[in-house]
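The chain contents come next:
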Amino acid sequence: MRQSSKQIIQRIGETDQLFLQGNTPSLALDRADLRLQLVEISKNNQEKVHFLQEAIVLLEQGRLEFDEMPMELYINLSLHLAKAYMVFFETTREQRYALITQQIMKPMSKAEHGGIYFYLAYASAVKQEPAMTRHWLTKYCKTDEFDMTTLLEHPSFTAYRQEEWFSKLCQSKMH
């Protein structure tokens with residue numbers, strides 16, 4: 001169930017108070033996620049940009065501030081960061097945000113996580129890099145995180161849906 005903006009803002013206040021007592025990677029993720037939720041429901045681009053900037057700072061801080069954290073948490077922070085940058089792209093249509101996403105995700109590709117591959121494919125698609133889009137989608141399809149609905153409905157992959165390789169990729173997951 002989606003929270004209302006009032007509930008999200010109240011929760012931001014609560015998590016910001018917790019931050020004053022001490023930051024953790026999980027708290028940084030929660031605080032950033034709340035701001036990303038506000039971006040999703042906002043109709044105002046300036047407001048979206050503001051909350052995206054806040055989320056990015058929180059996520060970067062959460063990734064860099066702590067010497068040790070579980071790899072799964074680091075991946076989640078990074079995936080949220082990639083999401084924030086790609087929403088920035090969707091909001092502004094500036095390709096530099098796709099490049100930043102690639103720079104964040106590429107070093108993590110050895111983790112073999114579907115979300116990482118998805119964001120690499122997404123960023124490659126919006127940068128009109130068909131070979132890299134195909135490469136990352138092929139890897140994404142081999143992971144447990146693969147979601148056929150996302151692949152078929154995501155607008156950044158529309159141009160590839162008529163390609164033979166895309167059809168074969170989808171067919172391989174249906175069998």
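Look up a bit, the structure's there.
Now for a description of the structure that goes with this document. Starting afresh in each chain, residues are numbered from 1 along the sequence in its written order. Where local features are concerned, this predicted model is filtered to residues with pLDDT of at least 70; where side-chain atom pairs are given and counted, the filter is 80 or more; whole-chain, interface and lining totals use all residues. Here the side-chain values reflect all heavy atoms present in the structure, with hydrogen atoms and water set aside.

**Focus on the overall build of the chain**
Helix and strand assignments come from DSSP, with helices taken as H or I runs of at least 4 residues and strands as E runs of at least 2, each series counted from the N terminus. Helix and strand counts for the chain come out as nine helices and zero strands. Listing every helix and strand of the chain by position from the N terminus yields α-α-α-α-α-α-α-α-α. As a reference, a globule follows 2.2 Å times the number of residues to the power 0.38, and the radius of gyration itself is taken over C-alpha atoms. In terms of overall dimensions, the chain is globule-like: its C-alpha atoms have a radius of gyration of 17 Å, near the 16 Å expected for 175 residues. Each of the three principal axes of the chain carries a C-alpha extent, and together these read 55 × 35 × 30 Å. Note on definitions: a residue-residue contact is assigned when non-hydrogen atoms from the two residues lie within 4.5 Å. If you take every contact in the chain between residues at least 6 apart in sequence, the share linking residues at least 24 apart comes to 56%. Residue burial considers only the protein chains on display, and all accessible areas are found by Shrake-Rupley using a 1.4 Å probe. Accessible surface, the chain as shown: approximately 10000 Å² in total, 50% of it carbon and sulfur.

**Describing the packing of helix α3 (residues 45-64) against helix α4 (residues 71-92)**
Whenever a helix is involved, its axis is fitted only over the stretch in contact; in every case the axis is a line through C-alpha atoms, and angles between N-to-C directions fall within 0 to 180 degrees. It is the contact of α3 with α4, at a shortest axis distance of 9 Å, that shows an interaxial angle of 155 degrees. With respect to their mutual orientation, α3 and α4 come out roughly antiparallel. For the element pair α3 and α4, the recorded crossing hand is left-handed. Between α3 and α4, the residues in contact are Asn-45, Lys-48, Val-49, Leu-52, Gln-53, Ile-56, Leu-59, Glu-60, Gly-62 and Arg-63 and Tyr-74, Leu-77, Ser-78, His-80, Leu-81, Ala-84, Tyr-85, Val-87, Phe-88 and Thr-91, respectively. Here is the rule for angles: anything less than 35 degrees is roughly parallel, anything more than 145 is roughly antiparallel, 65 through 115 is roughly perpendicular, and the remaining ranges are oblique. Each crossing gets its handedness from the near helix: less than a right angle anticlockwise from the far helix is left-handed, clockwise is right-handed.

**Looking at the side chain of Thr-15**
By secondary structure assignment, the location of Thr-15 is in helix α1 (residues 5-21). At 3.0 Å, the side chain of Thr-15 forms a polar contact with the backbone oxygen of Ile-12. Contacts described as polar in this section are N or O atom pairs within 3.5 Å, which, within protein, must combine one atom able to donate a hydrogen with one able to accept it, while residues neighboring in sequence count only if both atoms come from side chains.

**With respect to unusual backbone geometry**
Backbone geometry at Glu-112 places phi at a positive 55 degrees, although glycine is not the residue there. The topology assignment puts Glu-112 in the loop between α5 (96-105) and α6 (114-126).

**What to know about the pattern of salt bridges**
Only one rule defines a salt bridge in this text: a Lys or Arg side-chain nitrogen within 4 Å of an Asp or Glu carboxyl oxygen. All chains considered together, the criterion is met by nine salt bridges. Among the salt bridges present, the one from Glu-60 reaches Arg-63, with a minimum N-O distance of 3.9 Å. One end of the pair, Glu-60, and the other, Arg-63, are both in helix α3, three residues apart, so they sit about a helical turn from each other. Buried means the residue's accessible area, taken with a 1.4 Å probe over protein chains only, is under 20% of the maximum for its type, while exposed means over 50%, and partly exposed covers the values in between. Among the residues examined, Glu-60 registers a relative accessible area of 24% and is labelled partly exposed. Assessed through its relative accessible area of 13%, Arg-63 is described here as buried. Note that Lys-127 and Glu-129 form a salt bridge whose closest N and O atoms lie 3.1 Å from each other. When salt bridges with common partners are traced through the structure, they connect Asp-16, Arg-31, Arg-35 and Glu-54 into a single cluster.

**A few points about the nonpolar core**
Generally speaking, nonpolar side chains in soluble globular proteins are found buried as a group. To form a nonpolar core, buried Ala, Val, Leu, Ile, Met, Phe, Trp, Tyr and Cys residues must be joined to one another through side-chain atoms within 4.5 Å. Of all hydrophobic cores here, the largest spans 55 residues; its most connected members are Met-86, Met-105, Tyr-119, Leu-137, Leu-151, Phe-157 and Phe-166. The leading source of residues in this core is α4, at 12 residues. If we ignore the near neighbours within four places in the chain, the residues touching Leu-137 are Ala-121, Leu-151, Phe-157, Trp-165, Phe-166 and Leu-169.

**Things to note about the side chain of Arg-35**
With respect to the secondary-structure elements, Arg-35 resides in helix α2 (residues 25-41). Residue classification places Arg-35 among the buried residues on the basis of a relative accessible area of 5%. Side-chain polar atoms of Arg-35 contact the backbone oxygen of Arg-31, separated by 3.0 Å. Dropping the residues within four chain positions of it, Arg-35 is found in contact with Ile-12, Asp-16, Phe-51, Glu-54, Ala-55 and Leu-58.

**So, the environment of Met-148**
Note that Met-148 resides in helix α8 (residues 148-153). In sequence terms Met-148 and His-80 are 68 residues apart; their C-alpha atoms lie 20 Å from each other. Other than its neighbours up to four places away in sequence, Met-148 contacts Cys-170, Lys-173 and Met-174.

Shape descriptors only; they carry no functional weight alone.
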